[in-house]
Amino acid sequence: MKKKPNRQPPPVTELRRTAEKQLKARQAEAGLARTDADTLRLVHELQVHQIELEMQNAELHRARLEIETALDKYTELYDFAPVGYFSIDQQGLIQEVNLMGASMLGAVRARLLQRSFRAFVAPTSRPLVEAFLKVVFAKPGKQVCEALLLTTADAIFWGDLQAVSALRSDGEVKFCRLAVSDITALKRGEEAVHSVQSLAAANLEANKEIARRRAAEALLKASEQTQRGLLIEAQVLQAQLRHLTHQIIQAQEEERKKISRQLHDEIAQILTGINVNLATLGEVASIKPVDLERQITKTRRLVEQSIDIVHRFARNLRPTLLDDLGLIPALRSFVKELAVQKDLRIHFTAFTGIEALDISRRTVLYRVTQEALTNVIRHAHARNATVRIMKVAGTARLEIRDDGKSFPAKRLLSSKTGRLGLLGMRERVEMVGGNFSIESTPGVGTTVRVEIPF
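Residues numbered from 1 in each chain as written. Predicted model: local features only at pLDDT ≥ 70, side-chain atom pairs only at ≥ 80, totals over all residues. Heavy atoms only, no water.

Undergrad: Explain the side chain of lysine 187 residue by residue, including any values.
TA: Structurally, lysine 187 can be placed in helix α6 (residues 184-287). Using a relative accessible area of 16% as the deciding quantity, one classes lysine 187 as buried. Of note is the side chain of lysine 187, whose polar atom sits 2.8 Å from the side chain of glutamate 146. Dropping the residues within four chain positions of it, lysine 187 is found in contact with Glu146 and Trp158. (Helix = DSSP H or I, 4+ residues; strand = E, 2+ residues; numbered from the N terminus. Buried < 20%, exposed > 50% of the residue type's maximum accessible area, 1.4 Å probe, protein only. Polar contact = N/O pair within 3.5 Å; in protein donor to acceptor, adjacent residues only side chain to side chain. Contact = heavy atoms within 4.5 Å.)

Undergrad: Account for helix α10 (residues 359-380), naming residues and giving values.
TA: If you check α10, its first and last C-alpha atoms are 30 Å apart, about what 22 residues at 1.5 Å a residue would give, namely 32 Å. Histidine 381, located one to two residues past α10, shows a positive phi value of around 55°. (Expected span 1.5 Å × (residues − 1).)

Undergrad: An account of the sheet that holds strand β10 (residues 445-453) is requested, with residue identities and associated values reported.
TA: Taken together, the five strands give an open sheet; going across it, the order is β6-β7-β8-β10-β9, and neighbouring strands pair in mixed fashion. Among the strands making up the open sheet, the edge pair consists of β6 (345-350) and β9 (435-441). Going from strand to strand, the sheet's axes swing by 10° on average, the running direction of each strand aside. Examined bridge by bridge, β6 and strand β7 (residues 384-392) share six bridges and lie parallel to one another. (Pairing = 2+ DSSP bridges. Axes fitted to C-alpha atoms, helices over the stretch in contact; angles between N-to-C directions.)

Undergrad: Which residues make up the pairing of strand β3 (residues 143-150), and what values do they have?
TA: Counting buried positions along β3 yields six of eight residues, so the element is predominantly enclosed. Judged from the eight bridges that link them, β3 and strand β4 (residues 156-167) form a sheet pairing that is antiparallel. In the strand pairing of β4, leucine 150 is matched with isoleucine 156. Taking the residues that link successive antiparallel strands as the turn, the β3-β4 hairpin has five residues, and the phi of aspartate 154 there is positive, at about 65°.

Undergrad: Summarise the packing of helix α9 (residues 327-342) against α10; cite the residues concerned and give the values.
TA: Direction vectors running N to C along α9 and α10 enclose 10°, while the axes themselves pass 10 Å from each other. Compared by their axis directions, α9 and α10 come out roughly parallel. Residue-level inspection shows Leu327, Ala330, Leu331, Phe334, Val335, Leu338 and Lys342 of α9 in contact with α10, the latter providing Arg362, Leu365, Tyr366, Thr369, Gln370, Leu373 and Ile377. For the contact of α9 with α10, the per-class residue count stands at 10 nonpolar, two polar and two charged. (Parallel < 35°, antiparallel > 145°, perpendicular 65-115°, else oblique. Nonpolar A, V, L, I, M, F, W, Y, C, P; charged D, E, K, R; others polar.)

Undergrad: Lay out the packing of aromatic side chains with the relevant residues and their values.
TA: The tally for this structure, following the rule as stated, stands at three aromatic pairs. Aromatic pair phenylalanine 86 and phenylalanine 117: ring centres 5.5 Å apart, planes at 65°, arrangement edge-to-face. Placement of the pair is phenylalanine 86 in strand β1 (residues 84-89) and phenylalanine 117 in the loop between α4 (109-112) and α5 (126-138), with a sequence separation of 31 residues. Phenylalanine 117 sits in the buried class, given a relative accessible area of 2%. Just above the ring of tryptophan 158 sits the side chain of lysine 187; from NZ or CZ to the centre is 4.7 Å. The lysine or arginine in question, lysine 391, covers the ring of phenylalanine 454, its NZ or CZ lying 5.4 Å from the ring centre. (Phe/Tyr/Trp six-rings, centres within 6.5 Å; stacked < 30°, edge-to-face > 60°. Lys NZ or Arg CZ within 6 Å of the ring centre and 35° of its normal.)

Don't take any of this as a statement about function, it's just geometry.
Quick look at the structure:
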């Protein structure tokens, strides 16, 4: 901006002449004759006044220079500021703009004056800027917003708008001062940061997905190994089940053979004897009437013997005492009969509360006792046995001890070719939610232990 030429104050001689003329005019009007003293006094006053004027002139000249210097600084700061400054009236027309503002909009400053500022706002941001300007003119204080602006070449950039309303001397709001900063680089940086954050989040999700897939793959491998193990175990169990089924079938056949042999050897012979005796009764009655009563008595004994054998078979298959009287009478009868038949001393004790169990659990205890004592007779060759039923911590415990030969109980229970009697006892106990165990020690004997919850 060009500096204005300095205006020099009028010379002192001219001021003096003017002062003298005015003084003469005043004296003429007053009609007073000027004396030498008056002239000297007038000269003194004029000299004093001259010095005062010179001092005032120097002060005014210095103040003028300061004002012009400040104006030059303000002009330079205004025009060459890194921020665009606009003065906008209430109609949105540009009244003033600095060089940076004109450079932002890509136009000459003179061509921007009296143009609408909204014309340089992108269509998407115009509602926002219009609302922003309304707030600026309606409220005091600085207002801020961000908007997309346009240049004359239709290039788009982000602008940070900060405005305050300005008042005229009469106090009416006529325009606002608007500062515009180009924040395109900042927005791009924010977008870049957002993109980096999005990429980082996507990368994190991808890593999580990779970890999940690896975990799923590991689980699939573990599941595959587990399935293979389960398949092998199922095959083993199937083989064991097939072997157990064969044992059951063989046991059933052996039991049937035994029952058939006993029926043939005992009941059939007795019935045959009864038939022979009945056939001879007629002959005896005609020949020797005295022997008739003796033959009838003999026949009755055979019938009673056959009835006892049938009852024994029935008790072995299903004891009626267990259903009619309970577990303790059924076991006491079985133990007593077995001790007499096999010459085995058996000590039996039980607590009466065992009868509170349901029939299925009592049947399990009876069958385990029956099978265990049968094994003692068949394999252990023991002389003494003890059967005890007691209550232990809310469970009914059955213990069967003998002093016979020992055997590898754990190996037989875990092997594929285990004894059917042992497997049957364990299966019966586990079927009602109980625990089954066997301890067999050389020189001591064997203990079968069963615990069934009440």
